[in-house]
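Residues per chain, in single letters:
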Amino acid sequence: MILDTLDNFDKYVALNPLFPEVAAYLKNNNLAAHALGQELIIDEELFVNYCEVKGKTLEEAKVETHNKMIDIQIPVSSSETMGFTPRKNLPDVAYDAEKDISFYDGAAEKYVTVNPGEFIIFFPQDGHAPCISESKEFVKVIFKIKA
């Protein structure tokens with residue numbers, strides 16, 4: 001897991017061959033003014049979801065993991081708290097290969113708040129519980145990058 005400001009995203013481009021494309025996209029697009037929906041950047045290897053999500057309580061937020069994709073999550077209209085548990089500390093559960101997701105019962109081990117202007121990266125080894133917020137609904141951007 002990595003948490004930093006969008007101004008520093010360029011410092012992380014060496015971590016994945018598709019991260020330079022994300023950096024270029026961030027420089028050339030106004031995330032806050034973009035319409036909701038999905039935009040393919042490089043086929044199924046790199047795409048971005050602009051979504052309005054419902055805020056959840058700590059108890060409602062489920063820890064999830066992905067096997068094939070890296071998430072870069074960026075809250076746009078409100079701060080968002082996200083849970084974190086290393087995957088090695090999570091039990092074996094069913095995996096939905098079509099949606100590339102596993103869900104886990106119970107609370108995350110740690111929580112961090114991500115503000116607009118910041119990003120958080122979750123790799124396949126990072127269990128995360130997103131969308132925790134006092135806002136009933138808020139806009140966020142999620143880049144999905146092939147791991």
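Just above, that's the structure.
The rules behind each value
Residues numbered from 1 in each chain as written. Predicted model: local features only at pLDDT ≥ 70, side-chain atom pairs only at ≥ 80, totals over all residues. Heavy atoms only, no water. Core = buried A, V, L, I, M, F, W, Y, C linked by side-chain atoms within 4.5 Å. Buried < 20%, exposed > 50% of the residue type's maximum accessible area, 1.4 Å probe, protein only. Helix = DSSP H or I, 4+ residues; strand = E, 2+ residues; numbered from the N terminus. Contact = heavy atoms within 4.5 Å. Polar contact = N/O pair within 3.5 Å; in protein donor to acceptor, adjacent residues only side chain to side chain. Pairing = 2+ DSSP bridges.

Novice: Tell me about the nonpolar core, and name the residues and values.
Specialist: Core analysis: the biggest nonpolar cluster contains 23 residues, and F9, I72, I121, F143 and I145 have the highest contact counts within it. Residue assignment for this core shows that the elements contributing at least two residues are α1 (19-28), β3 (46-54), β5 (69-75), β9 (118-122) and β11 (137-146). For this core, the leading source of residues is α1, giving 5 residues. When near neighbours in sequence (up to four residues on either side) are disregarded, F9 contacts F19, V22, A23, L26, I72, F119 and I121. Counting residues in each nonpolar core, the second largest holds 7 residues, with V63, Y104, A129 and I132 among its members.

Novice: Give a description of unusual backbone geometry that names residues and reports values.
Specialist: Excluding glycine, residues mostly carry a negative phi; peptide bonds, for their part, are mostly trans. One non-glycine residue, D43, adopts positive backbone phi at about 45°. Relative to the assigned elements, D43 resides in the loop between β2 (37-42) and β3. Despite not being glycine, C131 shows a phi value in the positive range, around 75°. Of note, C131 is situated in strand β10 (residues 126-132).

Novice: For the side chain of H66, give the residues involved together with the corresponding values.
Specialist: Inspection of the secondary structure puts H66 in the loop between β4 (63-65) and β5. Polar side-chain contacts of H66 include one of 2.7 Å to the backbone oxygen of D100. Non-local contacts of H66, meaning those with residues more than four positions away in its chain, are made with D71, R87, D100, I101, P124, H128 and K144.

Novice: Explain the pairing of strand β1 (residues 2-5) residue by residue, including any values.
Specialist: Side chains I2 and D4 of β1 all project onto a buried face; the interleaved residues L3 and T5 project onto a face where none is buried. By the bridge criterion, 4 bridges tie β1 to β9 in an arrangement that is antiparallel. Each bridged residue has a counterpart across the sheet, and for D4 the counterpart in β9 is F119.

Novice: Got a sec to walk through the environment of S133? Specific residues and values, please.
Specialist: With respect to the secondary-structure elements, S133 resides in the loop between β10 and β11. Note: C-alpha distance between S133 and V76 (57 residues apart in sequence) is 13 Å. In this structure, S133 is in contact with G55, K56, S78, S79 and F138, ignoring residues within four places of it in sequence. A distance of 3.0 Å separates a polar side-chain atom of S133 from the backbone nitrogen of S135.

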